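# Fold and geometry: a report
Now for the letters of each chain:
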Amino acid sequence: MINFTKHNLKKLETVLEELEFTVRYEKGNFNSGFCVVENSKVIVINKFFDTKARILTIIDILKNRDVDTEKLNPPNLKTYKSIFTESKEAEEES
């Protein structure tokens, strides 16, 4: 499982940037703690979330998006694959 550190959060933010997403941390009335602005690549995450919640939110968003992994450079691709390999293994175990 991924460690919930600021370093890993930054890695995930870099993956999103490379996928041409803009991540903003703001306050607001979010039902799920985040909002993906319709028909754009802007992700707004509740700024009061701690590091763990931010990481889990980004992973959840990436799970529900079609991602063109060809856009990712080797280090970001490795980060992306490691997260989703772990997620699939955890789902299979439960």
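By secondary structure assignment, the location of G28 is in the loop between β1 (22-26) and β2 (34-36). For G28 and V44, which are 16 residues apart along the polypeptide, the C-alpha to C-alpha distance reads 9.3 Å.

The pLDDT averaged across the protein chain works out to 84; a share of 81% of its residues lies at or above 70. In the model of the protein chain, β2 stands out as the element of lowest mean pLDDT, 68, in contrast to helix α1 (residues 6-18), which has the highest, 95.

Time to look at the side chain of N8. As for its placement among the helices and strands, N8 is situated in helix α1. Residue N8 is classed as buried on the basis of its relative accessible area of 13%.

Our focus in this paragraph is the pattern of salt bridges. What the rule picks out here adds up to two salt bridges. The partner of K71 in a salt bridge is E20, with the nearest N and O atoms 3.4 Å apart. Taken together, the residues K71 in the loop between α2 (51-63) and α3 (74-93) and E20 in the loop between α1 and β1 connect sequence positions 51 residues apart. Classification of K71 by relative accessible area gives partly exposed; the value is 34%. E26 serves as the salt-bridge partner of R24, at 2.8 Å between the closest nitrogen and oxygen.

In this structure the tally under the stated criterion is one aromatic pair. Ring centres of Y80 and F84 lie 4.6 Å apart, and the angle between their planes is 45 degrees; on these two criteria the pair is classed as tilted. With Y80 and F84 both in helix α3 and four residues apart, the pair spans about one turn of that helix. Here the two residues Y80 and F84 agree in accessibility, since each one is buried. One residue, K41, lies across the ring of F21, its end atom 5.2 Å from the ring centre. In this structure, R54 is placed above the aromatic ring of Y25, and the distance from its NZ or CZ to the ring centre is 4.1 Å.

Rules used in this analysis
- Residue positions within a chain follow its written sequence, with the count starting from 1.
- In keeping with the model being predicted, local features are shown solely for residues with a pLDDT of at least 70 and side-chain atom pairs are shown and tallied solely at 80 or more, while totals for entire chains, interfaces and linings include all residues.
- As a rule here, side-chain values come from all non-hydrogen atoms in the structure, and water together with hydrogens is ignored.
- Here a helix means four or more residues in a row that DSSP labels H or I, a strand means two or more in a row labelled E, and each is numbered from the N terminus.
- A residue's pLDDT is the confidence the predictor assigns to it, expressed on a 0 to 100 scale.
- Only protein chains enter the calculation, and the probe is 1.4 Å; a residue is then buried if its accessible area is under 20% of its type maximum, exposed if over 50%, and partly exposed in between.
- The salt bridge criterion pairs a side-chain nitrogen of Lys or Arg with a carboxyl oxygen of Asp or Glu, the two atoms within 4 Å.
- Between rings of Phe, Tyr and Trp, where Trp is taken as its six-membered ring, a pair exists when centres lie within 6.5 Å; planes separated by under 30 degrees are stacked, by over 60 edge-to-face, and by other angles tilted.
- By the criterion adopted, a ring carries a charge over it if an Arg CZ or a Lys NZ lies within 6 Å of its centre and within 35 degrees of its normal.

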